[in-house]
Amino acid sequence: EVQLVESGGGLVQTGGSLRLSCAATGFTGDDYTIGWFRQAPGKEREGLSAISRNVGSTYYTDAAKGRFTISIDNAKNTVFLQMNSLKPEDTAVYFCGATALIRLGLNPIPGYYEYWGRGTQVTVSS
């Protein structure tokens, strides 16, 4: 059973930075893709970025390009999302997800992900 726990959210001013962490347990010998998503009130869950656990390839959606960076630790058990130049419109609950459906590609589409954390709140003040 894959379990994911997000941490690192909080309150930050416009222009500030946060580093989110996704701690994972239960990975088997299969390859996995780990993604970051966010959901603002009244909005659909939005994919931000993804990383291939074995290869390290990354993908960024338009919402994340240029400001957010995804990475994975040496043990390949924790995935990070470094968020810089934050804006009020970045306010949302941020989730990490994982999937073993590696043939789907790296584009983080929520419906393709099998496992989810419970999220961490990010609030960016004006």
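Details of the structure are given in the entry above.
Here's what I pulled together on the structure shown here.

Take the side chain of arginine 53 next. By the element assignment, arginine 53 lies in the loop between strand S5 (46-52) and strand S6 (58-60). Although arginine 53 is buried, it makes no salt bridge; aspartate 31 carries the closest opposite charge, 6.0 Å away. At a separation of 2.8 Å, a polar atom in the side chain of arginine 53 contacts the main-chain carbonyl oxygen of lysine 76. Residue contacts for arginine 53: discarding those within four places in its chain leaves Phe27, Thr28, Asp31, Tyr32, Ile34, Ile72, Ala75, Lys76 and Asn77.

With antiparallel pairing, four strands are arranged side by side in an open sheet as S1-S3-S8-S7. Edge strands, defined here as strands with exactly one partner in the open sheet, are strand S1 (3-7) and strand S7 (68-72). Strand-to-strand twist across the sheet, computed as the mean angle between neighbouring axes with direction ignored, equals 15°.

Chemically, a disulfide is nothing more than a covalent bond linking the sulfur atoms of two cysteines. This model, assessed by the stated rule, comprises one disulfide. Cysteine 22 shares a disulfide with cysteine 96; S-S distance 2.2 Å. On the S-S bond that ties cysteine 22 to cysteine 96, the torsion sits near 70°, and the link is right-handed. Taken together, the residues cysteine 22 in strand S3 (residues 18-25) and cysteine 96 in strand S9 (residues 92-99) connect sequence positions 74 residues apart. Pair check on accessibility: cysteine 22 and cysteine 96 agree, each one buried.

Time to look at the environment of threonine 78. By the element assignment, threonine 78 lies in strand S8 (residues 78-83). Taking C-alpha positions, threonine 78 is 9.6 Å from glutamate 6, a pair spaced 72 residues apart along the chain. Setting aside chain neighbours within four positions, we find threonine 78 in contact with Ser21, Cys22, Ala23, Ser71, Ile72 and Asp73.

Before going further, it helps to examine unusual backbone geometry. The phi torsion at lysine 76 lies on the positive side, around 60°, for a residue other than glycine. Assignment of secondary structure puts lysine 76 in the loop between S7 and S8. By relative accessible area, which is 31% here, lysine 76 ends up partly exposed. With a phi close to 50°, serine 85 is a non-glycine residue in the positive phi region.

About the thresholds
- For every chain, the first residue of the written sequence is number 1, and numbering continues from 1 along that sequence.
- Where totals are concerned, whole chains, interfaces and linings use all residues; where local detail is concerned, this predicted model gives features only for residues with pLDDT of at least 70, and gives and counts side-chain atom pairs only at 80 or more.
- The side-chain numbers reported here are obtained from all heavy atoms of the structure, hydrogens and water having been left aside.
- By the criteria applied, helices consist of DSSP H or I runs no shorter than four residues and strands consist of E runs no shorter than two, each listed in order from the N terminus.
- Three labels apply to residues, based on accessible area from a 1.4 Å probe with only protein chains included: buried if under 20% of the type maximum, exposed if over 50%, partly exposed otherwise in between.
- His is not counted, nor are the chain ends; Lys and Arg add positive charge and Asp and Glu add negative charge.
- By salt bridge we mean one thing: a side-chain nitrogen of Lys or Arg within 4 Å of a carboxyl oxygen of Asp or Glu.
- Between N or O atoms, a polar contact is any pair within 3.5 Å; within protein, one atom must be a potential hydrogen donor and the other a potential acceptor, and residues adjacent in sequence are included only when both atoms are from side chains.
- Residues count as neighbours in contact if any of their non-hydrogen atoms are within 4.5 Å of one another.
- In this description, strands pair whenever DSSP reports at least two bridges between them.
- With axes taken as lines fitted to C-alpha atoms, and helix axes fitted only over the stretch in contact, angles between N-to-C directions fall between 0 and 180 degrees.
- Count a disulfide wherever a pair of cysteine sulfur atoms falls within 2.5 Å.

These values are about where atoms sit, not about what they do.
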